[in-house]
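One-letter residues, chain by chain:
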Amino acid sequence: MFLASGDAAFNPVEHLYDRFTTWVSLWGNHGTEFVESWNSNTPGFLHLSQHVFMMWAAAAIVILGFTYATFARNTRVPKGLRNFLEPIVTFIRDEIARANIKNPHFGGHGHGDHGHGDAHGHDHGHSHKELPKYWLADKFVPFLCCIFFFLATLNLLGLIPGSTTATSALTFTAGMAFMIVTTYVVGAVVMSVMTSGSVGAGIIGYFKNLVPFHFSTKPMDMAIWFLLLVVEFIGILAKPFALAVRLFANMTAGHCIILSLLFINTLLPESYWRIGTGIPTVLMSVALYGLEIFVAILQAYVFTYLSAIFIGIYLVPEH
């Protein structure tokens, strides 16, 4: 629509593209030459771009911020950056990790169950392994905190004029989703091996737990079981796809709306009409910009929350 306005070189949605021209211009011509030389002599997954720079910046901010907050614990009462981060970490632990990731069931008993023993108190068969109440959930708290703070920082950095939003690239969100699916698939196999006590039985148990239907050698039962297995495999792939598309679409849509409002005047001839349409569009853009700040944090929370749900579902299946 905007390219039809007459200026073929003008592209208002260039802000959404993965480019490096804005940042390397700070280095001068040498910076541009270095990036172009690096990209021409390396495979595609190692190319430098503005999205890569934004990811490095977000990772550096998160690492330095938490490092400072960790080593600045010189008082009993949290203050400053530590006072800001500690409630968020506590919320992720209590409302995301612990609410969705339960303890595994060792030896056929869940947490809080007690094995049956003889008159002398000795357990028979698999003894119950007592675990702390939130043993497994607390192990994933650092991982989920990294996801939330990294995505939130990256989304907020993308709102700075002149920068770009890495989460508006489907390749980045797909990479994050692939990390999540790898976590819960590999983690589910490991937990199955731990609960069964052997590698072979654990892998077989993983596939049995994957299907909410008792396996049987009867032809009809086997047909149903294999059909449900295919459905479950589709579900394993559909979940990361939903994570990737949701984050990508929400972060791209908001930027497109703001840019569309700001550059709508380019469709009008140079006259007083631009003043009449410019004032309301700028005011609406400011309001949407404030909403984008909320959306940037909300989408990081949604991605983290859904990741915890998927990890909990596959690591400790209910059936």
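Residues numbered from 1 in each chain as written. Predicted model: local features only at pLDDT ≥ 70, side-chain atom pairs only at ≥ 80, totals over all residues. Heavy atoms only, no water.

1. Observations regarding the side chain of Glu292
Part 1: Inspection of the secondary structure puts Glu292 in helix α10 (residues 273-315).
Part 2: Beyond its immediate stretch of four places on either side in the chain, Glu292 contacts Leu159, Met251, Gly254, His255 and Ile258. (Helix = DSSP H or I, 4+ residues; strand = E, 2+ residues; numbered from the N terminus. Contact = heavy atoms within 4.5 Å.)

2. Looking at a nonpolar patch on the surface
Part 1: On the surface, Leu156, Tyr289, Ile293 and Ile297 cluster together into a nonpolar patch covering about 300 Å² of accessible area.
Part 2: Among the elements that take part in the nonpolar patch, α10 stands out by supplying three residues, more than any other.
Part 3: By the element assignment, Tyr289 lies in helix α10.
Part 4: The class of Tyr289 is partly exposed, set by a relative accessible area of 31%. (Patch = residues over 30% accessible without salt bridge, like charges linked within 9 Å, V, L, I, M, F, W, Y side chains within 5 Å. Areas by Shrake-Rupley, 256 points an atom, 1.4 Å probe, with all protein chains shown as cover. Salt bridge = Lys/Arg side-chain N within 4 Å of Asp/Glu carboxyl O. Buried < 20%, exposed > 50% of the residue type's maximum accessible area, 1.4 Å probe, protein only.)

3. Focus: helix α6 (residues 141-157)
Part 1: Along its 17 residues, α6 runs 24 Å from first to last C-alpha, staying within 8% of the 24 Å computed at 1.5 Å per residue.
Part 2: Along α6, 13 of the 17 residues are buried, which leaves the element largely enclosed by surrounding structure. (Expected span 1.5 Å × (residues − 1).)

4. A look at the packing of aromatic side chains
Part 1: All chains considered together, the criterion is met by eight aromatic pairs.
Part 2: With a centroid separation of 6.1 Å and 40° between ring planes, the pair formed by Phe91 and Tyr301 is classed as tilted. Here Phe91, found in helix α4 (residues 81-100), pairs with Tyr301, found in helix α10; they are 210 residues apart in sequence, far enough to count as distant.
Part 3: Take Tyr301: its relative accessible area is 28%, and that puts it in the partly exposed class.
Part 4: One aromatic cluster in this structure is built from Phe66, Phe148 and Phe149. (Phe/Tyr/Trp six-rings, centres within 6.5 Å; stacked < 30°, edge-to-face > 60°.)

5. What to know about the nonpolar core
Part 1: Counting 54 residues, the largest nonpolar core has Leu151, Tyr184, Phe303 and Leu315 as its most contacted members.
Part 2: Those elements that place two or more of their residues in this core are α3 (50-71), α4, α5 (135-139), α6, α7 (170-196), α8 (199-210), α9 (219-262) and α10.
Part 3: For this core, the leading source of residues is α6, giving 11 residues.
Part 4: In this view, Leu315 contacts Leu136, Phe140, Thr183, Tyr184, Gly187, Ala188 and Met191; residues no more than four positions away in its chain are not counted. (Core = buried A, V, L, I, M, F, W, Y, C linked by side-chain atoms within 4.5 Å.)

6. What to know about the packing of α3 against α6
Part 1: Relative orientation of the contacting elements α3 and α6 amounts to 125°, with a least axis distance of 9 Å. In terms of orientation, α3 and α6 fall into the oblique class. In terms of crossing hand, the pair formed by α3 and α6 is right-handed. Judged by residue contacts, Met54, Met55, Ala57, Ala58, Ala59, Ile61, Val62 and Phe66 of α3 engage Phe149, Phe150, Thr153, Leu154 and Leu157 from α6.
Part 2: Residues that form the contact of α3 with α6 fall into these classes: 12 nonpolar, one polar and no charged. (Axes fitted to C-alpha atoms, helices over the stretch in contact; angles between N-to-C directions. Parallel < 35°, antiparallel > 145°, perpendicular 65-115°, else oblique. Left-handed = near helix turned anticlockwise from the far one by under 90°. Nonpolar A, V, L, I, M, F, W, Y, C, P; charged D, E, K, R; others polar.)

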